Amino acid sequence: MCLLNAVLLLQNPGSKVYGVPLASLVSDEHKIPVIVERLIVAIETHGMYTVGIYRKAGAIAKVKQLKQNIDSGKEGK
């Protein structure tokens, strides 16, 4: 399973996370935005053996597509 698919399985479909106020992503029960927790879990589960995952920038087009996929709840490749 690719990292994006793992994240998308955890993401609520259609709940936008990019370009929204940070305050709208937290609540009394979730002090850290849920998407941040879910991304951390996905990276720890599926991305720890990916070379440069925290030090290499992603391709701009891929990053843009991943953001759109996460916001729309669509599965990525």
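Note: the structure precedes this text.
Residues numbered from 1 in each chain as written. Predicted model: local features only at pLDDT ≥ 70, side-chain atom pairs only at ≥ 80, totals over all residues. Heavy atoms only, no water.

Trainee: Hey, could you run me through the overall build of the chain in this one?
Mentor: Counting its secondary structure elements, the chain contains three helices and zero strands. Shown N-terminal to C-terminal, the secondary structure of the chain runs as helices and strands in the order α-α-α. Here the chain holds 77 residues, and 22% of them are scored as buried. Here the analysis covers contacts within the chain between residues at least 6 apart in sequence; of these, 73% occur between residues at least 24 apart. For the chain, the accessible area works out to roughly 5,900 Å², and carbon and sulfur atoms hold 60% of it. (Helix = DSSP H or I, 4+ residues; strand = E, 2+ residues; numbered from the N terminus. Buried < 20%, exposed > 50% of the residue type's maximum accessible area, 1.4 Å probe, protein only. Contact = heavy atoms within 4.5 Å. Areas by Shrake-Rupley, 256 points an atom, 1.4 Å probe, with all protein chains shown as cover.)

Trainee: Where do I start with a nonpolar patch on the surface in this structure?
Mentor: Taken together, the side chains of I32, V36 and I40 make up a nonpolar region of the molecular surface, amounting to roughly 230 Å² of accessible area. Structurally, I32 can be placed in the loop between α1 (3-10) and α2 (34-47). By relative accessible area, which is 44% here, I32 ends up partly exposed. (Patch = residues over 30% accessible without salt bridge, like charges linked within 9 Å, V, L, I, M, F, W, Y side chains within 5 Å. Salt bridge = Lys/Arg side-chain N within 4 Å of Asp/Glu carboxyl O.)

Trainee: Teacher, can you tell me more about the environment of P33 here?
Mentor: Looking at the secondary structure, you find P33 in the loop between α1 and α2. Judged by its relative accessible area of 11%, P33 is buried. Taking the C-alpha atoms as reference points, P33 and L22, separated by 11 residues in sequence, lie 7.9 Å from one another. If sequence neighbours within four positions are ignored, P33 has contacts with L22, L25 and V26.

Trainee: Help me out: how do you make sense of α2 in this one?
Mentor: Note that an α-helix has 3.6 residues per turn; residues three or four places apart therefore point the same way. For α2, built from 14 residues, the straight-helix expectation of 20 Å at 1.5 Å per residue is met to within 8% by its first-to-last C-alpha distance of 18 Å. Turning to α2, its buried residues number three or more, namely I35, A42, I43 and G47. The buried side chains of α2 occupy one side of the element, clustering within an arc of 100° when seen end-on. Among the exposed residues of α2, those pointing more than 90 degrees away from its buried face are E44 and T45. (Expected span 1.5 Å × (residues − 1). Arc of directions from axis to C-beta.)

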